[in-house]
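Spelled out, the chains give:
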Amino acid sequence: NYANFIDLARFIGIACVIYGHCHPFVGEAEITIRNIVCCFHMPLSFLISGFLSKPIVNSGWGNYKKIVFSLFVPYIIYNIPYISLAFSNPFGFLCSMVTSSVPPNDPTWFFYALLWVKILTTLFYRHQSLLLTGSMITYVSLLSCGIELNTIFCNHAILSGIIFFYFGKIYEQYSENRIMYVSIP
């Protein structure tokens, strides 16, 4: 049953995220385990997001409105405690939001990255292979040139997120037994 498979994959991904963020890593072996876990838990999250995303039939404003309310609003809400940083040092806060690899509230980077992945996939809904190919070529080219992708706010997560999001969409589209997934509260 695909619903059980997706629930199991989500559980594994969430457990790995919690382990990666909460476990104190002191020894070399523990750091190696953390690195292995961190190699796949976020790609798995983007893959599942792509698998569960609804097909886009047009790039109308209704799609963008849904994206904003489902991802941007929670992102803003979770960052409200950090707004005081903007008032104490507005220029420094703006610079950290634009140039750093993570927002001032580090755990919310996934909202931001997934927001851009969904905006771009909606914008390119008729040219999905172009966006996927372009993301892969850009990612590999920048890495091969020695450019660190995490120097500009979440670019590494957005580029790799597009790739894994589309792999999830492709897997869902071409699976033999398509399902209607219903989230269990």
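Everything discussed here concerns the structure shown above.
As a starting point, this report considers the structure included with it. (Residues numbered from 1 in each chain as written. Predicted model: local features only at pLDDT ≥ 70, side-chain atom pairs only at ≥ 80, totals over all residues. Heavy atoms only, no water.)

## Focus: the overall build of the chain
Looking only at helices and strands, one finds eight helices and zero strands in the chain. Along the chain, from the amino end to the carboxyl end, the secondary structure elements read α-α-α-α-α-α-α-α. Here the chain holds 185 residues, and the buried ones make up 32% of them. Excluding contacts between residues fewer than 6 apart, the proportion of contacts in the chain whose partners are at least 24 apart in sequence is 78%. A total of about 11,800 Å² of accessible surface is found on the chain, and carbon and sulfur atoms cover 69% of it. (Helix = DSSP H or I, 4+ residues; strand = E, 2+ residues; numbered from the N terminus. Buried < 20%, exposed > 50% of the residue type's maximum accessible area, 1.4 Å probe, protein only. Contact = heavy atoms within 4.5 Å. Areas by Shrake-Rupley, 256 points an atom, 1.4 Å probe, with all protein chains shown as cover.)

## Topic: the pattern of salt bridges
Enumeration according to the criterion identifies one salt bridge in this entry. Ionic pairing is found between Asp7 and Arg10, a salt bridge with its closest N-O pair at 3.9 Å. Of this pair, Asp7 and Arg10 both sit in helix H1 (residues 2-22), three residues apart, which is roughly one turn of that helix. Residue Asp7 is classed as partly exposed on the basis of its relative accessible area, which comes to 28%. (Salt bridge = Lys/Arg side-chain N within 4 Å of Asp/Glu carboxyl O.)

## Observations regarding the packing of aromatic side chains
Each aromatic ring pair is described using two quantities: the centre-to-centre distance and the angle formed by the ring planes. Scanning the model with the defined rule gives six aromatic pairs in all. Summarising the aromatic geometry, the rings of Phe51 and Tyr171 are spaced 5.6 Å apart at their centres and angled 35° between planes, so their arrangement reads as tilted. Remark: Tyr171 occurs in helix H8 (residues 155-174) and Phe51 occurs in helix H2 (residues 28-52); sequence separation between them is 120 residues. Note on Tyr171: relative accessible area 39%, which makes it partly exposed. Judged by centre distance (5.8 Å) and plane angle (45°), the ring pair of Tyr75 and Tyr112 falls under tilted. Of this pair, Tyr75 sits in helix H3 (residues 61-78) while Tyr112 sits in helix H6 (residues 109-123); the two residues are 37 residues apart in sequence, bridging distant segments of the chain. Just as Tyr75 is buried, Tyr112 falls in that class too. A connected cluster of aromatic rings, assembled from ring pairs, spans Phe72, Tyr75 and Tyr112. (Phe/Tyr/Trp six-rings, centres within 6.5 Å; stacked < 30°, edge-to-face > 60°.)

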